[in-house]
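The primary structure of each chain is shown beneath.
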Number of protein chains: 2
Amino acid sequence: MEVMYFVAAGSTLALIFAFCMFLRVKKQPEGTAEMIHISEAVRKGANAYLKRQYSGVAIFFAVVFVILFGMAIGGYLSFFTPFAFLTGGFFSGLSGFIGMRTATMANSRTAQGASLSLNKGLKVAFSAGSVMGFTVVGLGLLDLSIWFFILNAVFPGDISSITTNMLTFGMGASSMALFARVGGGIFTKAADVGADLVGKVEAGIPEDDPRNPAVIADNVGDNVGDVAGMGADLYESYVGSIVSTGALAVAAGYGMAGVSVPMMIAALGVLASIIGTFFVKTKEGASQKNLLKALRTGTYISAAIIIVASYFVIRILLPDHMGLYGAIISGLVAGVLIGAVTEYFTSDTYKPTQKLADSSETGAATVIISGLSLGMLSTVAPVLIVATSILASYYCAGGAGDFNLGLYGIGLSAVGMLSTLGITLATDAYGPIADNAGGIAEMTHMDANVRERTDALDSLGNTTAATGKGFAIGSAALTALALVASYIDKVKGIEGGFNFDLSITNPIVLVGLLIGGMLPFLFAALTMDAVGIAAQAIVIEVRRQFKSIVGIMEGTTEPDYAACVDMCTRSAQKLMVAPTLVAVIVPIVVGLLIGPAGVVGLLTGNLITGFVLAIMMANAGGAWDNAKKYVEGGAHGGKGSAQHKATVVGDTVGDPFKDTSGPSINILIKLTSMVSIVFAGLIVAFHLL
Amino acid sequence: MEVMYFVAAGSTLALIFAFCMFLRVKKQPEGTAEMIHISEAVRKGANAYLKRQYSGVAIFFAVVFVILFGMAIGGYLSFFTPFAFLTGGFFSGLSGFIGMRTATMANSRTAQGASLSLNKGLKVAFSAGSVMGFTVVGLGLLDLSIWFFILNAVFPGDISSITTNMLTFGMGASSMALFARVGGGIFTKAADVGADLVGKVEAGIPEDDPRNPAVIADNVGDNVGDVAGMGADLYESYVGSIVSTGALAVAAGYGMAGVSVPMMIAALGVLASIIGTFFVKTKEGASQKNLLKALRTGTYISAAIIIVASYFVIRILLPDHMGLYGAIISGLVAGVLIGAVTEYFTSDTYKPTQKLADSSETGAATVIISGLSLGMLSTVAPVLIVATSILASYYCAGGAGDFNLGLYGIGLSAVGMLSTLGITLATDAYGPIADNAGGIAEMTHMDANVRERTDALDSLGNTTAATGKGFAIGSAALTALALVASYIDKVKGIEGGFNFDLSITNPIVLVGLLIGGMLPFLFAALTMDAVGIAAQAIVIEVRRQFKSIVGIMEGTTEPDYAACVDMCTRSAQKLMVAPTLVAVIVPIVVGLLIGPAGVVGLLTGNLITGFVLAIMMANAGGAWDNAKKYVEGGAHGGKGSAQHKATVVGDTVGDPFKDTSGPSINILIKLTSMVSIVFAGLIVAFHLL
């Protein structure tokens, strides 16, 4: 029990640190009037987005709350679940909200900082990223603590009841995360593509020109997609991995000590991450490699601290099971390796992306083929890394002797991977902030000197965003696996005893696998289509403004930025419904039609294809983006050449890949598991009829 | 036993019918001297390809033969297997060889026939396609009969030994099929892309211009990819489904009667297909829809005959198990439905492809995004159809009571789907022949009237090719499933008794699933890359000829067609090695590292992702091709417009999708299963050490 005070302390520490960082960013000067003006517009736009997004999502949450409450009345669910569903959604949304507010506040300040020195720019952007990272971690632990204390008061000392109830909490967070990722993803890419199509192609004004009515929406998009979406996504993985490992600890017979291990590691992770942030700094005149090194040093130091600290956690809590230590390390190492592989495939300092740029010599079609092929090839190493981590953690934890011990090990490896989330997320959220700062520097025609610095920061942001995505996918796979295990455990534990054949040769499992394997493809198709439809709406709105608002092109009248933002929001809002419903409804329908064994197949198939497809899309998209930047840097004819145009096609295809469909799949694979867990009671009852 | 005489008779009938059709095609006039000249060049090129292809493949077969022979000496394999490996490869190769020879003979004759009447053109092309269809079926049944008689002489009446031995026969056919598909696919797309890049873009000569040194290679490619590759692929599915169902019959306890059912259905399928071909005819002035109807009528009549005949087969052989009849029907119906869905998604008479053409209004990037999204969406229905067919055949066959009965049902559904292969393959092989005829008509500047007719035939060919691919994928999934079941059965039956946990929660199975799920992505990446590399080699060769051979552009000297063909062959030869080795080596390595449970996971994961990815690639590719044709038909600015150029990018990306990577994945999922079965003894022995 005492461990929960540590968790509460860790939560408090994280939130205080996030607040300090927030104040530190706020203190920075905002720059010139022009900069403030643009930053203001982005902030206003982001608020408009949030207002509509949350009011739409509120309806979904209300409906689901009523359904869950009805299920609780029917006895298929604990009465805590509907409320936990709300708090999960609320905290996940709050994480995104705070992160986004900070990011939109930090963009002009980062540009201003970069005008003084590179180190200053880095500091501001990274501090803002830290607000996001530590808010996610702090709120996650807060949610866990609150519910633990409530449940412990209701079921004093009954750890099994506590963990079973807590397991269902993730569904709210997952739902909110999916809305944030899909909605944000549609928003950002619709604005991006729409702004380019009318502005650059039709009106002939340069990129990021303030006369383009969609330019602010484009900048807002960076924040709502990459910052808020990523935050909600990882909030969900973080909480999900801890609660599912807790449930698996009980199944493994470790009781409270076993539940305490993931909690303790998470709490210590806060401390380790805070220490790590102090090592993120660079000297003036640092190269891009030095900058990356600065960010990496912080992450590696945090990881090293966890490696040492978790040894003692196991030593103290479960001294007879030191193998669990290996499980934690395997997850931590896997996370770092996946990041490295992602960087190799998407950074233009390595061969794959350079070769992709070479393919622009023979036109757009070869750029597309090479990019898809690169993305597919890049799935090999992450799959092998995760596979190794699964086996290592399973057998280290004693899976050879007892199946349940091994599953607990897999859960711990997910917790290990996510333990340093505070700092890894800071590094990741730093990317879009630097990106926005670069945009502001460009739009306000700042000194070449400043632009050079923001470019260095921005380019680095692409790499950290890519590694962040690799990390998000890896942790999603392990978390989803722990959730599937928890689902099986939950079904088996339902009163009346429900036995099911989970053999891969059971045709029900097989059919579930097939449908699950297809789900990410359906989901990706829906989200990619949504981007196309939303972009068309923006094209029409921008054309309307150019026609009806006099003086835009002369720069005498300001375009109606908010209308474009509103239009993006409305489209995103409408179009995110179908993919989300797919994620929620399919596992329920499959469960009703072919039962829990089919659901296990569905979740596993979904996990397998989803993992591979998500990596493929994220890496292909990242590589296309950087291949374009590589050509813009002067290779293959440079900006404006035919080769450059070919890479622009690649980049445009990559946009929904890497910022909409790919990262949403991470959440899809967790949300389907969460939904299955929450509806398990109902579905088993239906099949026992 | 008597049933084998039926099978031998069916084989003879099919081969005689194929020979008659061959003579009928040969009898047709070849057309003008110009047509004969071009046809001659294509034939010469195809011969050059075959010569090198077979000499390269011979090395692979020799090496594997020695390995298998060594394993037989070591006692891990029957001594029949190495020899059966050779005959399987030989007959599969022979099927492709005969089909291709006929196709290259029929192209000018089809064009000549079309100059007389549409019906005449259709007849010639369809007769040539029939040669292919019935050769595949006839040789398949011949191979089965020969081995059955040999094995029955060695193990008189011991049906279990016979089927276990026959099960390993498919590996030779699978290997040859993979070489044919991958090699042919690389060849055809390298020639296509290479010819376009230098001819159209650099030299400014029109498509299909005889001055282009790669134009013959391009035409050869249609034959080696679509005809020979498809034939070898389905030869393999056909034989594989029959032998694996035979093995499952023994496991289900049905003995010789159970083994006879698939054999009888296959033999009757020959008769049904022959009857069906007589209904393929059309009136002069028929629209494209009428043409399609003509082809469909033949297929549907054959299917109807099988529906009636198989009732009596079950009634006579296994009268107490009439549920098996349902299993057969479920496969047959699933095949027809998948064909219909494929047509819906890839034909420009339906919305999806028309919408894809619409997306050309906003450029190449949106064409790519929409096409990928269309391909992904098109996987939903086939997955649900196959899933339904699996469940229906499993439970109809009595799977609820006994697991092994159900598996036998799944095997029978694959046999049912493939029973009318003679005519479905004829319909399919007709496509590239009509395509070639259209090319010849265009190259020899025949009457507008003739071109209209060949265009109608060609356009129809696109649809039949697409439905043929859907059918190939569907049957591959069911066959692979039957093979996986046979593998499990084989491992369990190995002396000494090898028990393995096939629960989906076993981390070994899970890791196998993950690696298997990634395999098709790796495979697709390797094959797409291969096309790119081979195309580059062609570009260089064509440039060399334009430079060094005087008089090409003036039309006074003929370019060195054979050199381009040779170049394509050599590249295809070299580049097909890596993907093929992946398919052969990965299941062995996984087996050695994590054992048979991991292999079952690998095969299942491979099947799931492979099925979805193959459909996605085939349908996206088909839709891109037809969207381009739709624009060329006058929509969205027509030929030469910016929209047309955007659809050309889509078509080029689609080329390796639909003709190289996609269809090769069908074979990948079967070959990995076959390899696993053949090496099962060795791997189990290794793990029992």
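In this convention, every chain numbers its residues from 1, walking through the sequence in written order. Starting at A for chains and at 1 for ligands, labels are handed out in the order in which the entities are written. Selection of residues for local features in this predicted model requires a pLDDT of at least 70, selection of side-chain atom pairs for listing and counting requires 80 or more, and totals for whole chains, interfaces and linings are taken over all residues. Hydrogens and water are ignored here; the side-chain numbers use all heavy atoms of the structure.

Student: Is there a simple way to think about the packing of helix α19 (residues 577–632) of chain B against helix α20 (residues 642–688) of chain B in this case?
Tutor: Each pair of packed helices can be described by the angle between their axes along with the distance between the axes. Residue and element names in this part refer to chain B. Packing of α19 against α20 brings their axes to within 6 Å, and their N-to-C directions diverge by 160°. Classified by the interaxial angle, the pair formed by α19 and α20 is roughly antiparallel. Every pair of crossing elements has a handedness; the one defined by α19 and α20 is left-handed. Classifying every residue of the contact of α19 with α20 gives 32 nonpolar, 17 polar and 5 charged. To get an axis, a line is fitted to the C-alpha atoms, and for a helix only the part in contact is used. The angle between two axes follows their N-to-C directions and goes from 0 to 180 degrees. Here a helix means four or more residues in a row that DSSP labels H or I, a strand means two or more in a row labelled E, and each is numbered from the N terminus. When describing relative orientation, an angle under 35 degrees is termed roughly parallel and one over 145 degrees roughly antiparallel, while 65 to 115 degrees is termed roughly perpendicular and anything else oblique. Handedness of a helix crossing follows the sense of rotation of the near helix relative to the far helix, less than a right angle counterclockwise being left-handed and clockwise being right-handed. By the convention adopted, Pro, Cys, Tyr, Trp, Phe, Met, Ile, Leu, Val and Ala count as nonpolar, Lys, Arg, Asp and Glu as charged, and the other residues, Gly among them, as polar.

Student: When you look at the UniProt feature "site: Determinant of potassium dependence" (unreviewed entry) in chain A in this model, what are you seeing that I'm missing?
Tutor: Under the UniProt annotation, the feature "site: Determinant of potassium dependence" (unreviewed entry) is placed at Ala-465 of chain A. Along the chain, Ala-465 of chain A falls in helix α16 (residues 448–493). UniProt positions are given in the numbering used here, feature names are shortened, and annotations may be inferred rather than shown by experiment.

Student: Please clarify how the relation of the copies chain A and chain B should be interpreted in this entry.
Tutor: Once turned by 180° and shifted 0.0 Å along the axis, chain A lies on chain B with an RMSD of 0.0 Å. These values place the two chain copies in the arrangement generated by a two-fold rotation axis. Relative to the rotation axis, the closest C-alpha in chain A is found at Ser-503 of chain A, a distance of 2.0 Å. Contacts are residue-level and defined by heavy atoms, with any inter-residue pair within 4.5 Å sufficient. When the interface residues of chain A are mapped onto chain B, 100% of them are again interface residues, pointing to one common binding face. We place the copies in one frame by least squares, fitting the C-alpha atoms of every residue whose pLDDT is at least 70 in both.

Student: Looking at this model, I keep getting lost on the side chain of Gln-28 of chain B. Mind explaining?
Tutor: Within the element layout of this structure, Gln-28 of chain B appears in the loop between α1 (3–27) and α2 (33–73). Sequence-distant contacts of Gln-28 of chain B, that is, excluding residues within four places in its chain, are made with Arg-109, Lys-120 and Val-124 of chain B.

Student: Explain the packing of aromatic side chains here, please?
Tutor: What characterises a pair of aromatic rings is the spacing of the ring centres plus the angle enclosed by the ring planes. The aromatic pairing rule takes the rings of Phe, Tyr and Trp, using the six-membered ring of Trp, and pairs them if the centres are within 6.5 Å, calling planes under 30 degrees apart stacked, those over 60 edge-to-face and the rest tilted. Scanning all chains against the criterion turns up 44 aromatic pairs over all chains. Ring centres 6.2 Å apart and planes at 85° place the aromatic pair Phe-69 of chain A and Phe-83 of chain A in the edge-to-face group. With Phe-69 of chain A in helix α2 (residues 33–74) and Phe-83 of chain A in helix α3 (residues 80–116), this residue pair connects regions lying 14 residues apart in the sequence. Between Phe-69 of chain B and Phe-79 of chain B the ring centres are 5.5 Å apart and the planes differ by 70°, which places this aromatic pair in the edge-to-face class.

Student: What is the right way to look at the interface of chain A and chain B in this model?
Tutor: Put simply, an interface is often sized by how much accessible area is lost when its parts join up. Between chain A and chain B, the contact holds 61 residues from the first and 61 residues from the second. Summed over both partners, the accessible surface that disappears when two parts come together, traced with a 1.4 Å probe, is what is meant by buried area. Across the chain A/chain B interface, buried area totals approximately 5400 Å², and carbon plus sulfur atoms make up 87% of it. Among the residues chain A hides against chain B, the three largest losses belong to Ile-504, Leu-514 and Phe-521 of chain A. Together they make up 13% of the total. We count a salt bridge whenever a side-chain nitrogen from Lys or Arg sits within 4 Å of a carboxyl oxygen from Asp or Glu. Taken together, the connections running from chain A to chain B amount to 0 salt bridges. What qualifies as a polar contact is a pair of N or O atoms within 3.5 Å, subject to a donor-acceptor requirement within protein and to the restriction that residues adjacent in sequence count only when both atoms come from side chains. There are 6 residue pairs in polar contact (both at pLDDT 80 or more) connecting chain A and chain B. For the side of chain A that touches chain B, the secondary structure elements donating two or more residues are α12 (364–377), α13 (380–396), α16, α17 (507–548), α19 (577–632) and α20 (642–688) of chain A.

Student: Honestly, the pattern of salt bridges in this entry has me stumped. Any pointers?
Tutor: Think of it this way: side chains of opposite charge can pair up when their charged atoms draw near. Residues and elements named next belong to chain A. Applying the stated criterion across every chain, the model contains 38 salt bridges over all chains. In this structure, Arg-181 and Asp-233 form a salt bridge, with 3.5 Å as the shortest nitrogen-oxygen distance. You can see Arg-181 sitting in helix α6 (residues 170–203) and its partner Asp-233 sitting in helix α7 (residues 215–251), a full 52 residues away along the chain. Under the scheme applied here, a residue whose accessible area is under 20% of the maximum for its type counts as buried, over 50% as exposed, and between as partly exposed, the area being computed with a 1.4 Å probe on protein chains only. Judged by relative accessible area, which is 0%, Asp-233 ranks as buried. Here Asp-655 makes a salt bridge to Lys-658, at a shortest N to O gap of 3.3 Å. Of this pair, Asp-655 and Lys-658 are both found in helix α20, 3 residues apart, which corresponds to roughly one turn of the helix.

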